[in-house]
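Survey of secondary and tertiary structure
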Amino acid sequence: MHCPVCKHENQKDAIFCVACGQRLQAYEDNRNADQEPAKSLELNQDFSFPSFRKYHAPLNFALFFWPVLIGVVLTAVGVYLAEIDNEAYLQNPTPVLFILILGMISLIWGQVYWYIIIYRTWTVIPPDIARVTPGKAVGFLLIPFFNLFWIFVAVWIVTQDIQKTNLRGPFPNQDLALFACIFSVVPYVQIISIVPLAVVAYQFCRFYNANISHIDRIDDAI
């Protein structure tokens with residue numbers, strides 16, 4: 001079925017668009033059509049506690065991509081202005097500092113959402129297959145120096161564990177994930193890793209959105 005927002009072609013039974021995360025109305029229509037006729041209510045039925053279903057929101061790649069892009073551009077502009085006119089910057093640093101602060105806030109937002117993407121990707125993998133828990137996958141990335149090793153576990157190893165499951169694709173590319181991890185830890189070329197990491201983040205989002213039904217079990221019982 002086609003997504004009404006981005007027009008991406010999704011599988012027939014898809015709940016969310018794997019490209020943009022839009023909830024597909026056709027799924028709701030199919031689910032309602034497949035439901036059995038409502039059973040008559042019993043007089044002794046307890047309505048004290050309403051029925052809720054567990055819900056996992058789809059990942060939105062734009063919430064990662066645009067903050068990172070804007071942050072990189074603003075930071076580069078701020079550094080350029082400070083270097084090209086150093087005397088003016090020393091006399092009145094406020095405009096440049098404002099640009100740099102906005103850039104840092106945007107980059108921090110992108111970094112936080114990157115951790116969310118990694119965490120959610122690990123949650124889809126069955127516990128008996130996943131080599132680490134989602135909490136460890138993200139938490140150990142916050143440890144200085146150790147995260148230079150752990151990035152390979154959180155981003156590359158997860159692509160290997162995904163291949164061991166019977167989940168639906170599209171699967172993230174293992175070679176691209178390894179390439180992104182290597183460049184992210186090599187000095188002087190870390191800035192280049194933004195491009196492959198962005199592609200990996202997009203693949204993680206598509207994979208997670210395509211498999212939300214694996215962890216979002218819909219309870220139709222009343």
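Residues numbered from 1 in each chain as written. Predicted model: local features only at pLDDT ≥ 70, side-chain atom pairs only at ≥ 80, totals over all residues. Heavy atoms only, no water.

Another point: a nonpolar patch on the surface. Judged by side-chain polarity, Phe65, Trp66, Leu69, Ile70, Val73, Val77, Tyr80, Leu81 and Ile84 come together as a nonpolar surface patch covering roughly 800 Å² of accessible area. Its place among the elements puts Trp66 in helix H2 (residues 62–84). Relative accessible area serves as the criterion here: at 48%, Trp66 is assigned to the partly exposed category. (Patch = residues over 30% accessible without salt bridge, like charges linked within 9 Å, V, L, I, M, F, W, Y side chains within 5 Å. Areas by Shrake-Rupley, 256 points an atom, 1.4 Å probe, with all protein chains shown as cover. Salt bridge = Lys/Arg side-chain N within 4 Å of Asp/Glu carboxyl O. Helix = DSSP H or I, 4+ residues; strand = E, 2+ residues; numbered from the N terminus. Buried < 20%, exposed > 50% of the residue type's maximum accessible area, 1.4 Å probe, protein only.)

This part takes up the nonpolar core. Core analysis: the biggest nonpolar cluster contains 40 residues, and Phe64, Trp114, Ile117, Ile118, Trp122 and Val155 have the highest contact counts within it. For Trp114, the contacting residues outside a window of four places in its chain are Phe64, Val155, Leu197, Val200, Ala201 and Phe204. Ranked by size, the runner-up nonpolar core spans 5 residues in total, among them Met1, Cys3, Ala14 and Cys17. (Core = buried A, V, L, I, M, F, W, Y, C linked by side-chain atoms within 4.5 Å. Contact = heavy atoms within 4.5 Å.)

What follows is about the packing of helix H4 (residues 94–124) against helix H8 (residues 194–210). Running from N to C, H4 and H8 cross one another at 40 degrees; their axes reach a closest spacing of 10 Å. The angle between H4 and H8 places the two elements in the oblique class. Considering only the axes of H4 and H8, their crossing is left-handed. Contacts between H4 and H8 pair Trp114, Ile117, Arg120, Thr121, Thr123 and Val124 from the former with Leu197, Val200, Ala201, Phe204, Cys205, Phe207 and Tyr208 from the latter. Of the residues belonging to the contact of H4 with H8, the class tally is 10 nonpolar, 2 polar and 1 charged. (Axes fitted to C-alpha atoms, helices over the stretch in contact; angles between N-to-C directions. Parallel < 35°, antiparallel > 145°, perpendicular 65-115°, else oblique. Left-handed = near helix turned anticlockwise from the far one by under 90°. Nonpolar A, V, L, I, M, F, W, Y, C, P; charged D, E, K, R; others polar.)

Our focus in this paragraph is the environment of Asn10. With respect to the secondary-structure elements, Asn10 resides in the segment before helix H1 (25–34). For Asn10, a relative accessible area of 5% puts it in the buried group. Each C-alpha atom, one on Asn10 and one on Ala210, is 8.8 Å from the other, the two residues being 200 residues apart in sequence. Setting aside anything within four residues of it in sequence, one finds Asn10 in contact with Met1, Cys3, Phe16, Cys17, Val18 and Leu24.

Here the focus is the side chain of Asp161. Residue position: Asp161 is located in helix H6 (residues 146–163). Setting aside anything within four residues of it in sequence, one finds Asp161 in contact with Trp122, Ile125, Ile129, Ala130 and Arg131.

This paragraph deals with the confidence of the model for the chain. Residues with a pLDDT of 70 or more make up 81% of the chain, whose mean pLDDT is 81. For the stretch residues 33–54, pLDDT sits under 50, and the model shows 11 contacts to residues farther than four places along the chain or on other chains. (pLDDT = per-residue confidence, 0-100.)

Taking 1.5 Å per residue, 12 residues should reach 16 Å; helix H7 (residues 174–185) reaches 17 Å between its end C-alpha atoms and fits that length. Every buried residue of H7 is accounted for by Ala177, Ala180, Cys181 and Ser184. The buried side chains of H7 occupy one side of the element, clustering within an arc of 100 degrees when seen end-on. Packed against the buried residues of H7 are H6 and H8. Looking at where H7 begins, the residue whose side-chain oxygen comes 3.0 Å from the main-chain nitrogen of Asp175 is Asn173. (Expected span 1.5 Å × (residues − 1). Arc of directions from axis to C-beta. Polar contact = N/O pair within 3.5 Å; in protein donor to acceptor, adjacent residues only side chain to side chain.)

Between its first and last C-alpha, H2 extends 32 Å over 23 residues, near the 33 Å set by a 1.5 Å rise per residue. Listed in full, the buried residues belonging to H2 are Phe64, Pro67, Val68, Gly71, Gly78 and Ala82. On its buried side, H2 packs onto helix H3 (86–91), H4 and H8.

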